[in-house]
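The primary structure of each chain is shown beneath.
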Amino acid sequence: MTAVQQHSDTRDVGSTASGGGAVETHPVRRRRRRRLTGATFTPWLFLLPAALIFLVFKFIPMAEGIRLSLFEVRPFLGDIFVGFKNYATILQDEKFLTASWHTLVLAGGQTLGAMLIGFLLALLLEGHSKSLWFVRSAVFLPVVAATAVIGEIWRLFFYPAPEGFLNDLISWVGLGPWEYISNPDTSLVSVMFVGIWKNAPYDMVLILAGLAGIDRQQYEAAAIDGASTRQRIWNVTLPALRPVITILLTLAAIRGLRVFTEVYVLTGGGPAGSTDVWMTRVYTTAFEQSEAGLASAGSVLLFLVTLVLTVSVQVYRRRKEAR
Amino acid sequence: MRRRTATTIATLGVVALLAGCGSSTPAASNKDPNKPLEVWTRSTEATAKVYEKIFKSFTDRTGVKVDYKPIYNDFDKQVQQRAASKDLPDVVITDTGSLGNFVKQGWTTEIKRDDLAGGGDIVDRAWNNGKGADGKYYGVPFSTQAMVTLIRKDWREKLHKPIPTTWEELDDLARAFTRDDPDGNGQNDTYGMLVPGTVDRGYLAWWAASYIWQGGGDILEEEGGGKFSVGIDSPESTKAIERLRKLFCEDKVMQPGSLTLSTNDAHPLFESGKSGIYLTGPYMIGRFDKSLGKDKYEVIASPRGPAGATVLGEGEDVYLMAGSAKTADQKKLAEYLITPEVQQAGMQGDPQPVVRLPVNKNVDVNATYNDPRWATVAGVYSSESRPFPSVPNFTPFRQKTSETLNSIFAKCPADSSAELKSLADALKKELENQKASQ
Amino acid sequence: MSVNSSRFDSAIGWSTRPDAWLSKGVRALLSVFAVILFCGPLLVIFSGAFDNNPDPTQLSVIPDKPSLINFQVATENKIWHYLANSLVIAGGALLLQLSVSVFAAYALARKKFRGQAIALLVILATMMLPEEVIAIPLSLVIGDLPLVHVSLKGTLLGVILPLGAWGFSIFVMTEFMREIPAELEEAAKVDGAGELRLFAQIILPLCRPALGVIAVFGFNMIWEQYLLPLIVAADPSDYTLTVALLALRSDDQVGTGIVLAGALLALVPSLVVYLSLQKSFLRGITTGAIKG
């Protein structure tokens, strides 16, 4: 924090408002110079509690976890330094490569599917009436139920024989019986379906919050200009939702690549490795070798990939905003 | 200035709060000879009750205090955590399968079989459960069991089929259960065999191993002197696996969805009348008696394959953990746990037993249980059961074998020898890693 | 202009006129379908919890053999004790999390300072490393906090503190705070508002929708924690409901019914939190504030 910085620090800038009017910056007033010293520290002071908690409970363990990935970990007998051997083992394992592919497909499909359905749900259920309140609550249930239990329930639905619940249902429209998670060809899609089902209400909630922030007068203006509903959504709603969409995409990258419990409970990575994702592979490796270094290496790799992806999303967004 | 004071006060406040709510870092409890003996068991609430009684009577008898912690979640992970802070519990009672890992990590101490009071009363077969890859003992056997075959008696009788004693009869029964509507509800909704076939934690291999042995094959062949060779692609193993593949792919008598079932997901399918044959552990008898009813199913020894009726036999061991300052007390507890009285108390545990088959030869299984089915289990254990090969760590072999078998049974290739060959190569590499290759 | 202004209450423009039966009908039909699709499967939890030995492949809304036995067995397994643990932890941690997030987001969204982009990225990074990797190191840290050498094992604070900061909350809050037009702040400053007043009385109230959202998701995240309570526990009685539930799930002597009973209990608090906060995240920003 040099003295030179202090001038710009005092200017509080809000980003381009979505629904409001244009941003004007006021000239720096003379009066503010008195608060220079205090204002310099203020942002960091506000960040302090979060910073402290992250430092102690996240960064220090993270550093240690990353350090451990360079060792063959034997907590009692003493760790053996192996350099990047753990990383090499993982990258050369063809099962990890297949799992990477599955992870990308699953994450991508779940993200898009959940966002789309979440958006449709939000559009459907926006409003203040009591009955809407009830429907929104009911639809939200998948989010609050424990993932493991949801996995068990869907596994029951996916019973592959004709007498299974879903097969019974779809037979009314002349389809099926399908094998869902029991067949290597359809298992990944089935897992994706459950993921979309669970995440769509989650996305719905965020989009609802975003929709609530849109200036109603913009809608009115659009209607006066003769815009149809579709045009209004395209030109007013969606741009206004950009911050929410950014949130959702970023979070989806982080959450989606880390997916574990759903897959684990539904299929355990099978059948025939068709739903193996990165974290189930890490889990299996940790279980097989019962050794923390290899598992750490796998997780660190995932971390790096996620980081790169997230940085890209942020950079892309900044570039769009600067335009 | 005011801001800085505020920050300082806040920081001091947080520290005070932490100090107040936390405790100063304690010294490792296993190093303190005055602290009670810390004992962990892999237990749920039900079995914890039984253990509590046992440990209380131990304290009454010997004066040694016990700090007992029943653990069920992620047992191995929790042990790992304590190991990381060099503060292992003094005694751990858990599966025989953990022995390899405990030894590899140096967490468990060697047991001198002859120094242990009452050690001579333990059946030899049980002592094998505590033997490490180097021939030394690292765990005191506490409970043993062998896999048994459970069959829906009512279904079998309805179809007028005999109790199967060979593979052919078993497979025939499975086909009948699948095709001939044994529950008489007019629907084609019953199946022959229930298989916990998920790759998770190697369950499929855990289930299939018995059949591979019965076919005369093995995942790893013992060559003596702690050395092994790969046996999974031998002609006998291949034939045994081929039989299973046929049951899955051609006869289609296996429970649908088996290849993603863990044991916990599988149990309800037997209980609710979806499958009629289940090769599993005898600890399920208690649960199935309640949910299905004693009269609806029967417990038999496995039908014979070409090389016999061998099944997997495992159990639980008492591990005396490393780094403890209370070695005398550790030994006392182990000796107490193998006495006939405690073994019997464990077997009759209410609400659930903690000892399945006793390790002490002086305990009369029949008299204690008064249930002929357990006599069957005991018979199977003593004459037909064996553990997994005693390599330093069997887990990767089990895992890799599960993955290949799962793939074969799911994809149904015309010729599985190619997959078995690549599995054999992977297992060979692992043997070399573990320095157990012949 | 006879444009019904309440048509603009929603993006799609559902009509709220009493006689718009087509609009209402379509909406109702789609809503019913949505409820069945999302809520339906969970009725299995409900009916299974009250069913004595449910058949896993026979799914129905109504229990086959209605009984409370699952709850009885669950009580024997100390389920209420674990529920209490979870509630206390969730309450404390959520409060902490909301405060910390709001402060952090304010700095990131409304102030321009060097390192801001990096700070946000670093915060996102905290969400990227899978928990399992840091499990053992974290347990060491909790057993012996740096500098103060205090052990938080077996304490509630040991679970609450690490949960006090969550990247998601800070991130969402930041994005929403960014949307507040700078003019509002400028106007307040012109009126002589100090930093704290600005924060508490102008910015915060406008973040209600976001606060509601991060409260709901924060509660959920805390509620579902598994590794952390496991690590901090000095004794199995310190476990939370989620930890106990997962133990029940892997217990092969316990039937599905009991697990479903526990799952149902676990479901309720999250649902209650969501129900009470729904209104908050539907509150729109008043349009009047922006105009002169």
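### Comments concerning the overall build of chain C
At step 1: Helix and strand content of chain C: 13 helices and 1 strand.
At step 2: Taking all 292 residues of chain C together, 52% fall into the buried category.
At step 3: Pairs at least 24 residues apart make up 72% of the contacts formed inside chain C by residues separated by at least 6 positions.

### A short note on the domain arrangement of chain C
Residues and elements named next belong to chain C.
At step 1: Per the domain assignment, the segments making up chain C are domain 1 (5–67) and domain 2 (73–289).
At step 2: Centre-to-centre, using C-alpha coordinates, domain 1 lies 29 Å away from domain 2.
At step 3: Of the residues belonging to the side of domain 1 that touches domain 2, the class tally is 5 nonpolar, 3 polar and 1 charged.

### Observations concerning the confidence of the model for chain C
Residues and elements named next belong to chain C.
At step 1: Of all residues in chain C, 90% have pLDDT values of 70 or greater, and the mean over the chain is 82.
At step 2: Element-level pLDDT for chain C is lowest in helix H9 (residues 195–206), with a mean of 74, against a maximum mean of 93 in helix H6 (residues 156–160).
At step 3: Below a pLDDT of 50 lies the segment residues 284–292, which in the model reaches 12 contacts outside its immediate sequence neighbourhood of four places, other chains included.
At step 4: For this predicted complex, the interface confidence reaches an ipTM of 0.85, while the overall pTM sits at 0.87.

### Brief notes about the interface of chain C and chain A
At step 1: The partner chain A presents 95 residues to the 94 residues of chain C that form the contact.
At step 2: In the side of chain C that touches chain A, the residues fall into 64 nonpolar, 13 polar and 17 charged.

### Regarding unusual backbone geometry
At step 1: Note the cis peptide between glycine 270 of chain A and proline 271 of chain A, where omega equals -10 degrees.
At step 2: Counting through the fold element by element, proline 271 of chain A comes out in the loop between helix H12 (261–266) and helix H13 (278–289).
At step 3: The omega angle of the peptide bond from aspartate 350 of chain B to proline 351 of chain B is 5 degrees, so this bond is cis rather than trans.
At step 4: In this structure, proline 351 of chain B sits in the loop between helix H13 (340–347) and strand E13 (357–358).
At step 5: Positive phi is not limited to glycine here, since leucine 147 of chain C has a value of about 70 degrees.
At step 6: With respect to the helices and strands, the residue leucine 147 of chain C is situated in the loop between helix H5 (131–143) and strand E1 (150–151).

### Overview of the interface of chain C and chain B
At step 1: Listed by partner, the interface residues are 33 residues for chain C and 33 residues for chain B.
At step 2: Those elements giving two or more residues to the side of chain C that touches chain B turn out to be H5, E1, helix H11 (227–232) and helix H12 (241–249) of chain C.
At step 3: Here the side of chain C that touches chain B takes 4 residues from H5 of chain C, the largest share from any one element.
At step 4: Of the residues contributing to the side of chain C that touches chain B, the split by class is 14 nonpolar, 12 polar and 7 charged.

### Notes on the environment of serine 382 of chain B
At step 1: Note that serine 382 of chain B resides in helix H15 (residues 372–384).
At step 2: Considered as a pair, serine 382 of chain B and alanine 309 of chain B are 73 residues apart in the sequence and their alpha carbons are 12 Å apart.

### A closer look at the nonpolar core
At step 1: With 307 residues, the main nonpolar core has Ala145 of chain A, Val91 of chain B together with Ile45, Met173 and Ala263 of chain C as its most contacted residues.
At step 2: Aside from chain neighbours lying at most four places away, what touches alanine 263 of chain C is Ala145, Ala146 and Val149 of chain A together with Ile45 and Leu245 of chain C.

### Regarding the environment of lysine 78 of chain C
At step 1: The topology assignment puts lysine 78 of chain C in the loop between helix H2 (69–76) and helix H3 (79–110).
At step 2: For lysine 78 of chain C and phenylalanine 199 of chain C, which are 121 residues apart along the polypeptide, the C-alpha to C-alpha distance reads 44 Å.

### Here's the deal with the sheet that holds strand E7 (residues 191–194) of chain B
Residue and element names in this part refer to chain B.
At step 1: The sheet built from 4 strands is open, its strands ordered E7-E10-E6-E11 with mixed pairing. Either end of the sheet is taken by a strand with one partner, and the two such strands are E7 and strand E11 (297–300). For this sheet the average axis-to-axis angle between neighbouring strands, irrespective of direction, equals 20 degrees.
At step 2: The sheet contacts of helix H7 (residues 167–179) involve E7 and strand E10 (275–280), and relative to E7 the element is tilted by about 125 degrees.

### Overview of the pairing of strand E5 (residues 140–146) of chain B
Residues and elements named next belong to chain B.
At step 1: Most of E5 is tucked away: 7 of the 7 residues are buried.
At step 2: Relative to strand E12 (residues 311–320), E5 is paired through 6 bridges, and the arrangement is antiparallel. Along E12, the bridge assignment pairs threonine 144 with glycine 315.
At step 3: Pairing of E5 with E13, which is carried by 2 bridges, proceeds in the antiparallel orientation.

### Side note on the pairing of E12 of chain B
Residue and element names in this part refer to chain B.
At step 1: Counting buried residues in E12 gives 10 out of 10 residues, a clear majority hidden from the surface.
At step 2: Sheet topology places strand E4 (residues 91–95) next to E12; 5 bridges connect them, and they run antiparallel. Paired with isoleucine 93 across the two strands is valine 318, which belongs to E12.

### Brief notes about the packing of helix H11 (residues 242–257) of chain A against helix H7 (residues 167–178) of chain C
At step 1: Put simply, H11 of chain A and H7 of chain C touch, their axes get as near as 10 Å, and they point 160 degrees apart. Put simply, H11 of chain A runs roughly antiparallel to H7 of chain C. In terms of crossing hand, the pair formed by H11 of chain A and H7 of chain C is right-handed. Every residue of H7 of chain C that contacts H11 of chain A at Pro243, Thr246, Ile247 and Leu251 of chain A is listed here: Phe168, Phe171, Val172, Glu175 and Arg178 of chain C.

### Quick notes on the confidence of the model for chain B
At step 1: The predicted model of chain B has a mean per-residue pLDDT of 91, with 93% of residues at 70 or higher.
At step 2: Per-element confidence in chain B ranges from a low mean pLDDT of 61 for helix H1 (residues 2–21) of chain B to a high of 97 for strand E6 (residues 148–152) of chain B.

### As for the domain arrangement of chain B
Residues and elements named next belong to chain B.
At step 1: Domain assignment breaks chain B into domain 1 (29–145 + 314–386) and domain 2 (148–312 + 390–433).
At step 2: Each of domain 1 and domain 2 has a C-alpha centre, and these two points are 29 Å apart.
At step 3: Listed as interface residues are 18 residues of domain 1 and, on the opposing side, 19 residues of domain 2.
At step 4: Where the side of domain 1 that touches domain 2 is concerned, the elements lending two or more residues are helix H4 (99–105), H15 and strand E14 (385–386).
At step 5: In terms of residues, the side of domain 1 that touches domain 2 owes the most to one element, H15, which gives 6 residues.
At step 6: Grouping the amino acids of the side of domain 1 that touches domain 2 by side-chain chemistry returns 3 nonpolar, 7 polar and 8 charged.

### Quick look at the packing of helix H1 (residues 21–49) of chain C against helix H13 (residues 256–277) of chain C
Residues and elements named next belong to chain C.
At step 1: Their axes nearest at 8 Å, the elements H1 and H13 cross at an angle of 120 degrees. Judged on the interaxial angle alone, H13 and H1 are oblique. Seen from above, H1 lies across H13 with left-handed handedness. Taking contact as the criterion, the partners of Ile45, Phe46, Gly48 and Ala49 in H1 are, on H13, Thr256, Gly257, Leu260, Ala261, Ala263, Leu264 and Leu267.
At step 2: Split by residue class, the contact of H1 with H13 holds 8 nonpolar, 3 polar and no charged.

### Quick notes on the environment of alanine 200 of chain C
At step 1: For alanine 200 of chain C, the position within the fold is in helix H9.
At step 2: With 83 residues separating them along the chain, alanine 200 of chain C and alanine 117 of chain C place their C-alpha atoms 24 Å apart.

Here is what the cut-offs are and how they apply
Residues numbered from 1 in each chain as written. Chains lettered and ligands numbered in written order. Predicted model: local features only at pLDDT ≥ 70, side-chain atom pairs only at ≥ 80, totals over all residues. Helix = DSSP H or I, 4+ residues; strand = E, 2+ residues; numbered from the N terminus. Buried ≥ 20, exposed ≤ 12 C-beta atoms within 10 Å, placed from the backbone. Contact = placed C-beta atoms within 7 Å. Domains from an automatic or database assignment. Nonpolar A, V, L, I, M, F, W, Y, C, P; charged D, E, K, R; others polar. pLDDT = per-residue confidence, 0-100. Core = buried A, V, L, I, M, F, W, Y, C linked by C-beta atoms within 7 Å. Pairing = 2+ DSSP bridges. Axes fitted to C-alpha atoms, helices over the stretch in contact; angles between N-to-C directions. Parallel < 35°, antiparallel > 145°, perpendicular 65-115°, else oblique. Left-handed = near helix turned anticlockwise from the far one by under 90°.

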